[in-house]
Amino acid sequence: MTAERHGRQVLRGWRAQGIPAPDEASVAQLLWLLLLIAVVSAPHLRTLPFWISAIVLVAAIWRIGAALKRWPMPGTMLRGTLTLGSALAVGVVYRQISGLEAGSALLLIMLALKLLETHSARDRSLVVLIAWFVLFAAFLREQSLGSVPLLAAGVVTGTVALLQAARNRQVMTPLTALLLTARLLMHAVPLALALFLLFPRLPGPLWALPSGAQNGRTGLSSQMSPGDITSLARSSEAAFRVRFDGTPPDRSQLYWRGPVLESFDGRRWRALPDSARRQKSGRPLPPSAAGAAIYSYEIMLEPHHQRWLLPLESPLSWDIADASLSPARELLSARPVATRSAWRGRSVATPRFRDAREPEQATREVSAGRNPRSTALAAEMRAAAGSDRAYLRSVLGMFRQQAYYYTLEPPPLGDQPVDDFLFRTRSGFCEHYASAFALLARAAGIPARVVTGYQGGEPNPLADYWIVRQSDAHAWTEVWIDGYWQRYDPTAAVAPQRVDAGMAAALPGSVTTELPLLGSSPWLGRVAFGWDALNAQWDRWVLAFGPDQQSALLGRLGFASPTLRDLAMVCAATVSIILLLFTWLTLRNRGAKPDPLEESWQYLCNRLARLARQRKPGEAPTEYAAVLIAARPELAAPLRSLTALYLRLRYEGIPERAEVLRFRRLVRQFRLPPAGARG
């Protein structure tokens, strides 16, 4: 039997006699692991099924019961069955085992099951490692500034738990462990900061991962029917934030252009497919900026999983390389906006722009047999008007002068929705008025289309940006006259305060705010705006930090047109400099002040080598002690004592000088038996 096998038997023998092995977990170490599991699990609890939380709770109770009451730990067969059964359950519930939701569930289950087989320091370290993956999954799920304290608590708790898990049963006091953790994390800060700033990024944040929750987020659509925008208008969720360079336009000029809807079947408006729009020759010309103010701005978009970039109309330029302007003047990204993203652009806030190309046939079509009363009204009014422009003014005058109402709760419409709205209900939201106006224009022979997007916004008085919310979602109309697309907003004829002052002014109390303090008092309102400003800075400088910001950073360092290779070289050089600096500081301290504890331990190992063998590189002190005790059982007591003292002094914080001198004295006093003698 080799000494190694005998050593392992010695460790098992300690446990059989009720004597804790050197690496056996203490109750305090388990409590630190349980605290870590509680912290990293908390962000997931409200989204994961209850049975997953129950598995984690049962595993925790079982493990602590095994430590305190000597409950039997589950065997290999039971653990294997639980692992396979849990993975199968996750697959059935989520119909996959990958992705954020299913992956988080699987990680939590694996974390709980791993806790049931913690027999050594290595097992405890694996629990901490899995817990950090669970914590990272929480960051993928929620990246707002409000989640940072909980994530930071997870990092601190994980580091403390790792330090405690590596110890020889006796844990550090919480204060000592926290101070040591703070020192370690402070050492990691320069390296983490360098990697965050300089590690080459792909477009979009590295930690972006679409989730089911994000996929279900509301927003604009390429289709519109009565009630679609009304549902958006009740939400105060931010759609994007915008920061102007210089004085912003007047609020009534803030039209953020989104989907353009040309096709109408009598009830629903739809955007034409790209293939139909490509039939129109040529690209749209930029709007004339002569005599008009040009506005430069930066938009921070919330993910909406569509391609619209929502510029201030009409866009002149933008800094997204793969973005393009559609024939309908929609600014489109090459890919859906699945993460928070920032871009800069320039626009002319003008209600008309020239487009000499013939409009698509779809912008002239009136669905046959649908809304006949509206069609007849258009013919009558156009005949009475002297021109197209006069006719359109008369339609606006009808909305303005007759009993039409602006409401978020319009009555339901029947099979002829425009007829019902114009002649029966006379109550509606922006999509009702835009749809009716466009149909009346088409019925009079004027090409028209509906544009959806956002109108207005709310300036943050504590910061230089505007918040555009889902409640600012809006629909208006464009008609083609004399080679120009001209914006008409019939909602402004019915509820001018909607355009001038926003939804809250037009319909007080209609919007449910996500800032509960807003509106309760001026002081609390400032607190709410301050919190939103902090979140905006977090989004801008952390979550949206990407390739463009890295290029700008290298530009300040002297790289005229930095490439990916330049970025990789600067990143590697910076990280190398930091590591060399740390290495130099460590070696300098060692050279200036030899470690007496390490010297004594090496001296002891060299003396003990003749009992069995030399200590292997990387061999743990407890493992080496077990081999020696297996070879010379009569030395078990002093070897255990010396090993335990060394581990305590080595890993339980900075040892006191008196304790180190005591260890050195004990090592010197330790007498080896004569060669060949056996007890």
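Quick look at the structure, then. Since the structure is predicted, the reported quantities are computational estimates derived from the model, not experimental observations. (Residues numbered from 1 in each chain as written. Predicted model: local features only at pLDDT ≥ 70, side-chain atom pairs only at ≥ 80, totals over all residues. Heavy atoms only, no water.)

Things to note about the overall build of the chain
Our working definition: Numbered from the N terminus, helices here are DSSP runs of H or I no shorter than four residues, and strands are runs of E no shorter than two. Relative accessibility thresholds used throughout: buried, under 20% of the residue-type maximum; exposed, over 50%; partly exposed, between the two (1.4 Å probe, protein chains only). Here, two residues are considered to be in contact whenever any of their heavy atoms come within 4.5 Å of each other. We get accessible surface area from the Shrake-Rupley algorithm with a probe of 1.4 Å; when it comes to residues, only the shown protein chains can shield them.
Within the chain, the secondary structure is distributed over 25 helices and 18 strands. Residue burial in the chain is summarised as follows: out of 679 residues, 47% are buried. A sequence separation of at least 24 residues applies to 73% of the contacts in the chain between residues at least 6 apart. Taken as a whole, the chain presents about 32,500 Å² of accessible surface, with 61% of it coming from carbon and sulfur.

Looking at the sheet that holds strand β17 (residues 473–481)
The pairing of strands in a sheet happens through backbone hydrogen bonds and is either parallel or antiparallel. Using the following cut-off: Strand pairing is defined by DSSP finding a minimum of two bridges between the two strands. A fitted line through C-alpha atoms serves as each axis, taken over the contacting stretch for helices, and the angle formed by two N-to-C directions is quoted from 0 to 180°.
Across the sheet, five strands lie side by side as β3-β14-β17-β18-β11; this open sheet has antiparallel pairing. Of all the strands in the sheet, the pair left with one neighbour each is β3 (255–261) and β11 (352–354). Neighbour-to-neighbour, the strand axes of the sheet open up by a mean angle of 30 degrees, direction not taken into account. Where β3 meets strand β14 (residues 448–455), five bridges bridge the pair, whose relative direction is antiparallel. Directly across from Tyr255, in β14, lies its bridge partner Gln455. Docked against the sheet, helix α15 (residues 430–443) engages β14, β17 and β18 (484–488), running at close to 10 degrees with respect to β17.

Here's the deal with the pattern of salt bridges
What counts, and what does not: When a carboxyl oxygen of Asp or Glu is within 4 Å of a side-chain nitrogen of Lys or Arg, the pair counts as a salt bridge.
In the structure shown here, the tally under the stated rule is 26 salt bridges. With a shortest N-O distance of 3.2 Å, Arg270 and Asp265 are connected by a salt bridge. Note that Glu358 and Arg364 form a salt bridge whose closest N and O atoms lie 2.8 Å from each other. Here the salt bridges share partners, and the residues they tie into one network are Arg79, Lys114, Glu117, Arg122 and Asp123.

Structural notes on the packing of aromatic side chains
Defined as follows: In this analysis, rings of Phe, Tyr and Trp, with Trp reduced to its six-membered ring, are considered paired at centre separations within 6.5 Å, and the interplanar angle assigns stacked below 30 degrees, edge-to-face beyond 60, and tilted for intermediate values. A ring is considered to have a charge above it if a Lys NZ or an Arg CZ atom is located within 6 Å of its centre and within 35 degrees of its normal.
Under the criterion given, the structure shown has 18 aromatic pairs. Aromatic side chains Phe421 and Tyr433 sit 4.9 Å apart centroid to centroid with 90 degrees between the ring planes, which places their arrangement in the edge-to-face category. Remark: Tyr433 occurs in helix α15 and Phe421 occurs in helix α14 (residues 417–425); sequence separation between them is twelve residues. Residue Phe421 is classed as buried on the basis of its relative accessible area of 2%. One aromatic cluster is present, formed by Phe240, Phe244, Trp256, Tyr295, Tyr297, Trp343 and Tyr454 through successive ring pairs. The ring of Tyr255 has Arg487 sitting right over it, with the charged end atom 3.8 Å from the ring centre.

Brief notes about the side chain of Asp420
Note the cut-off: What qualifies as a polar contact is a pair of N or O atoms within 3.5 Å, subject to a donor-acceptor requirement within protein and to the restriction that residues adjacent in sequence count only when both atoms come from side chains.
Topologically, Asp420 is positioned in helix α14. For Asp420, a relative accessible area of 17% translates into the label buried. Side-chain polar atoms of Asp420 contact the backbone nitrogen of Gly414, separated by 2.5 Å. The residues touching Asp420, leaving out its near neighbours within four places in the chain, are Leu413, Gly414, Asp415, Thr425 and Arg426.

Section: the side chain of Asn371
Position of Asn371 among the secondary structure elements: in the loop between β11 and α12 (372–384). Judged by relative accessible area, Asn371 falls into the buried class, the value being 1%. In terms of polar contacts, Asn371 uses its side chain to reach the backbone amide nitrogen of Asp419, at 3.3 Å. Aside from chain neighbours lying at most four places away, what touches Asn371 is Phe264, Gly266, Gln416, Pro417, Val418, Asp419 and Leu439.

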